[in-house]
Amino acid sequence: MLEVKGLTGGYGRIEVLHGVDAHISAGEIVTLIGANGAGKTTLMRIISGVQPLIAGKITFEGADFTALAPHKRVAAGIIQVPEGRQVFRPMSVEDNLRLGAYRRKRTPDADLERVYAMFPILKDKRHLAAGGLSGGQQQMLAIGRAIMGNPKLLLLDEPSMGLAPIIVAQIFDVIRQLKAMGITIFLVEQNASAALAISDRAYVLETGRVALSGPAREIAGNADVRKAYLGI
Ligand code: ATP
């Protein structure tokens, strides 16, 4: 579904990614793990098109997306849930969700109901300002807003960051449900063991290079990964 080849990118003269090769097949959950500053967010931002690349190629469903504008990538089904949720705090929960479907002429109410079925708490609070939600609820709202855009490939950047363990478990459960709905997932997570447990495959990024890749179970069993990222 998605392939990146020789991806190089960074900020100004600072190169952060040094020729990353990766692919994601339809229906998979693929996790990207790596230390702080390894370049995980940078890779996601380049895939969604909000950050330009220096070199390399991005192919999505067989088409060259390398130079495609971000809104066209969204229209094609690549939708990112950014780090830190980025909900529109003064707006109501429901208006945040409707914004996720801004490309469509009308918000399909069926999609709104699909999101509310996944996250009943959002229905209860649909008329309240998003800024008043808890961190976990804001994460659910950010994911719900992305679902309203009808994603084929969902890019989830640190969805469990800063959340209490019980909420983290809920978020991972939601990611499993998204996969069951047929959405392909590319996940960046600090919580590597939980992420690997729900993933099909994984990539380990070290200082802008893919150090390791393979089936999630294999990566979770790798001695170096266990020491560096799983705290075992
Ligand atoms: P984290 O887990 O901390 O989010 P990450 O693996 O996602 O880490 P990136 O956010 O992609 O890493 O950052 C990679 C490198 O790029 C870091 O050294 C970071 O300091 C640098 N960087 C990130 N954003 C910018 C920016 N806007 N301008 C300059 N350098 C940046």
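Here's what I pulled together on the structure shown here. (Residues numbered from 1 in each chain as written. Predicted model: local features only at pLDDT ≥ 70, side-chain atom pairs only at ≥ 80, totals over all residues. Heavy atoms only, no water.)

Looking at the site of the ligand
As a reminder of what qualifies: Proximity is defined per residue: any heavy atom of the residue falling within 4 Å of a molecule or strand makes that residue near it. Whenever two N or O atoms come within 3.5 Å, that pair is a polar contact, provided that in protein one can donate a hydrogen and the other can accept it, and provided that, for residues adjacent in sequence, both atoms are side-chain atoms. Side-chain classes follow a simple rule in which Ala, Val, Leu, Ile, Met, Phe, Trp, Tyr, Cys and Pro form the nonpolar group, Asp, Glu, Lys and Arg form the charged group, and the remainder, Gly included, forms the polar group.
Looking at the ligand, there are 13 residues lining it, with Gly37, Gly39, Lys40, Thr41 and Thr42 nearest. Interatomic distance of 2.8 Å between a side-chain N/O atom of Lys40 and an oxygen atom of the ligand. Of the residues contributing to the shell around the ligand, the split by class is 4 nonpolar, 6 polar and 3 charged.

Quick word on the packing of aromatic side chains
Definition in use: A pair of aromatic rings is counted whenever rings of Phe, Tyr or Trp (Trp by its six-membered ring) have centres within 6.5 Å, and the orientation is called stacked for planes under 30 degrees apart, edge-to-face for over 60 and tilted otherwise. For the exposure calls, accessible area comes from a 1.4 Å probe over protein chains only, and a residue counts as buried if that area is under 20% of its type's maximum, exposed if over 50%, partly exposed in between.
Scanning the entire structure with this criterion turns up 1 aromatic pair. Measuring from ring centre to ring centre gives 5.3 Å for Phe60 and Phe65, while their planes differ by 55°; the resulting arrangement is tilted. Both residues of the pair, Phe60 and Phe65, count as buried.

Quick look at the pairing of strand β8 (residues 184-188)
Heads up, the rule is: Numbered from the N terminus, helices here are DSSP runs of H or I no shorter than four residues, and strands are runs of E no shorter than two. Strands pair, by our definition, only if DSSP identifies at least two bridges between them. Assignment of crossover handedness uses the view with strands pointing away from the viewer, where a clockwise path from the first strand over the helix to the second indicates a right-handed crossover.
Within β8, 5 of the 5 residues are buried, which leaves it mostly tucked inside the rest of the structure. Residues of β8 alternate between two faces, with Thr184, Phe186 and Val188 on one and Ile185 and Leu187 on the opposite face, all of them buried. Pairing of strand β7 (residues 153-157) with β8, which is carried by 5 bridges, proceeds in the parallel orientation. What sits directly across from Leu154, in β8, is Ile185. Assessed by its sense of winding, the connection that carries the chain from β7 through helix α7 (residues 165-180) to β8 is right-handed.

Thoughts on the pairing of strand β3 (residues 29-34)
A large share of β3 lies buried, amounting to 6 of its 6 residues. Burial along β3 is two-sided: the face carrying Ile29, Thr31 and Ile33 and the face carrying Val30, Leu32 and Gly34 are both buried. Two elements, β3 and β8, share 4 bridges in a ladder whose sense is parallel. Paired with Val30 across the two strands is Phe186, which belongs to β8. Relative to strand β9 (residues 201-206), β3 runs parallel, the two being bridged by 5 bridges. Residue pairing across strands places Thr31 opposite Ala202, the latter belonging to β9.

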